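The primary structure of each chain is shown beneath.
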Amino acid sequence: MQVNTFGVIGAGQMGGGIAQVAAASGMQVILHDISTEFVERGMAAITKNLRRSAEKGKISDSEVRSILGRITPSTDMTKMQSADFVVEAASENQEIKFKIFCQLDEVCPPHAILSSNTSSIPIGRIASRTRRSEKVIGMHFMNPVPVMKLVEVIRALSTSDETYRTTVELAEKMGKTPAVASDFPGFIANRILLPMINEAIFCLFQGVGSKESIDTVMKLGMNHPMGPLELADLIGLDTCLAILTTLHQGIGDPKYRPCPLLRQYVESGWLGRKSGRGFYQY
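In short, a report on the structure. Note that this is a predicted model, so its numbers are computed, not measured.

### A closer look at the packing of helix H2 (residues 36-55) against helix H3 (residues 61-69)
For step 1, the next point in the chain: At a minimum axis distance of 9 Å, the contact between H2 and H3 shows a crossing angle of 160 degrees. Relative to H3, H2 is oriented roughly antiparallel. For the element pair H2 and H3, the recorded crossing hand is right-handed. Together, Met 43, Ile 46, Thr 47, Leu 50, Arg 51 and Ala 54 of H2 and Asp 61, Val 64, Ile 67 and Leu 68 of H3 make up the contact between the two elements.
For step 2, the next point in the chain: For the contact of H2 with H3, the class distribution of residues is 7 nonpolar, 1 polar and 2 charged.

Set out below in structure tokens:
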């Protein structure tokens, strides 16, 4: 199936990044969020990213204008009736995602594929809320989207071969490398990553080391580009808590139990970079 118009639900850091790479690959993009303020903030971030690339000589000024010209901001979900493929990139909240997919199922044309950028919620669970479960799939981008090459492609039991092939081809068209995962909580990336981050938080919580020491050990000892606590702040501590909760409930292994310190930070509104404070201050 040919994808000419690409929809994105959510104009935050992930959704904006997905919209940017989709538009850069030549597709018409509809970028949707629930308020004009959120959409304008998303467009401003995309514009800033593109202009920074132009200043570095990676793209021309005319390419910046062309990419921005292919993105249509929207607060009206019915605009998705012209989309061939939609990625949902809303908060990592199961009920919010269920509601969005019910709306998309009503609005989008019958041929449209509906995908989720969820970090952990099983795709089959989301697909069951629609009447087109064969056209529902996971398309999990990494943050920051314009830089990171990986896209996890997650097939539910009901996902058709055509939906899978179209999604893989689309990821490659956007300059990404797809990796296929089965439909288990957390998939591959976060089933491996989040227990490491959680254990790093436990180390801080139990006084095994300072945040700087913990991150330094992983960067210099294990050659990680970022320490786990720095990375948690980048991901968002609320998102880390949501993923760990899904893993703990879905798999049941105690190693996925969120550290009490993580929960305290989230309850205090210390969410990482997006709130200005997490394990570090920004």
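### A look at the nonpolar core
For step 1, the next point in the chain: Core analysis: the largest hydrophobic core is formed by 36 residues, its most contacted members being Phe 6, Ile 18, Met 139 and Met 174.
For step 2, the next point in the chain: In terms of residue count, the dominant contributor to this core is helix H1 (residues 13-24) (6 residues).
For step 3, the next point in the chain: Non-local contacts of Met 139, meaning those with residues more than four positions away in its chain, are made with Phe 85, Val 87, Ser 115, Ser 116, Asn 117, Val 151, Glu 152, Thr 167, Leu 170, Ala 171 and Met 174.

### Quick notes on unusual backbone geometry
For step 1, the next point in the chain: That bond from Asn 143 to Pro 144 is cis: its omega, 0 degrees, falls within 30 degrees of zero.
For step 2, the next point in the chain: Assignment of secondary structure puts Pro 144 in the loop between strand E6 (136-141) and strand E7 (150-155).
For step 3, the next point in the chain: Its identity is not glycine, yet Phe 187 carries a phi of approximately 55 degrees, on the positive side.
For step 4, the next point in the chain: Its location among the elements puts Phe 187 in the loop between strand E8 (177-182) and helix H7 (189-205).
For step 5, the next point in the chain: In this model, Asn 223 sits at a positive phi of 65 degrees, which is unusual for a non-glycine residue.

### A short note on the sheet that holds E8
For step 1, the next point in the chain: Ordered in space as E3-E2-E1-E4-E5-E6-E7-E8, the 8 strands form an open sheet in which the pairing is mixed. Edge positions in the sheet fall to strand E3 (71-74) and E8, since each of these pairs with one other strand and no more. Neighbour-to-neighbour, the strand axes of this sheet turn through a mean angle of 25 degrees, independent of strand direction.
For step 2, the next point in the chain: Sheet topology note: the strand E4 (residues 85-88)/strand E5 (residues 113-116) ladder contains 4 bridges and is parallel. In the strand pairing of E5, Val 87 is matched with Ser 115.
For step 3, the next point in the chain: Sitting on the sheet, helix H6 (residues 161-173) is in contact with strand E1 (5-9), E4, E5, E6, E7 and E8, with an inclination near 20 degrees to E6.

### Side note on a positive patch on the surface
For step 1, the next point in the chain: Positive charge collects at one region of the surface, where Lys 48, Arg 52, Lys 56 and Lys 58 lie side by side.
For step 2, the next point in the chain: With respect to the element layout, Lys 56 can be found in the loop between H2 and H3.
For step 3, the next point in the chain: Lys 56 sits in the exposed class, given a relative accessible area of 57%.

### Considering the packing of aromatic side chains
For step 1, the next point in the chain: A full pass over the atoms with the stated rule returns 4 aromatic pairs.
For step 2, the next point in the chain: When the centroid spacing of 5.2 Å and the interplanar angle of 85 degrees are considered together, the rings of Tyr 265 and Trp 270 count as edge-to-face.
For step 3, the next point in the chain: Look at Tyr 265 and you get buried, because its relative accessible area is 15%.
For step 4, the next point in the chain: We classify Trp 270 as partly exposed; its relative accessible area is 28%.
For step 5, the next point in the chain: The residue whose ring lies beneath Arg 277 is Trp 270, and the NZ or CZ to ring-centre distance is 3.7 Å.

Criteria and cut-off values
Residues numbered from 1 in each chain as written. Predicted model: local features only at pLDDT ≥ 70, side-chain atom pairs only at ≥ 80, totals over all residues. Heavy atoms only, no water. Axes fitted to C-alpha atoms, helices over the stretch in contact; angles between N-to-C directions. Helix = DSSP H or I, 4+ residues; strand = E, 2+ residues; numbered from the N terminus. Parallel < 35°, antiparallel > 145°, perpendicular 65-115°, else oblique. Left-handed = near helix turned anticlockwise from the far one by under 90°. Contact = heavy atoms within 4.5 Å. Nonpolar A, V, L, I, M, F, W, Y, C, P; charged D, E, K, R; others polar. Core = buried A, V, L, I, M, F, W, Y, C linked by side-chain atoms within 4.5 Å. Buried < 20%, exposed > 50% of the residue type's maximum accessible area, 1.4 Å probe, protein only. Pairing = 2+ DSSP bridges. Patch = residues over 30% accessible without salt bridge, like charges linked within 9 Å, V, L, I, M, F, W, Y side chains within 5 Å. Areas by Shrake-Rupley, 256 points an atom, 1.4 Å probe, with all protein chains shown as cover. Salt bridge = Lys/Arg side-chain N within 4 Å of Asp/Glu carboxyl O. Lys, Arg positive; Asp, Glu negative; His and termini not counted. Charge placed at Lys NZ, Arg CZ, Asp CG, Glu CD. Phe/Tyr/Trp six-rings, centres within 6.5 Å; stacked < 30°, edge-to-face > 60°. Lys NZ or Arg CZ within 6 Å of the ring centre and 35° of its normal.

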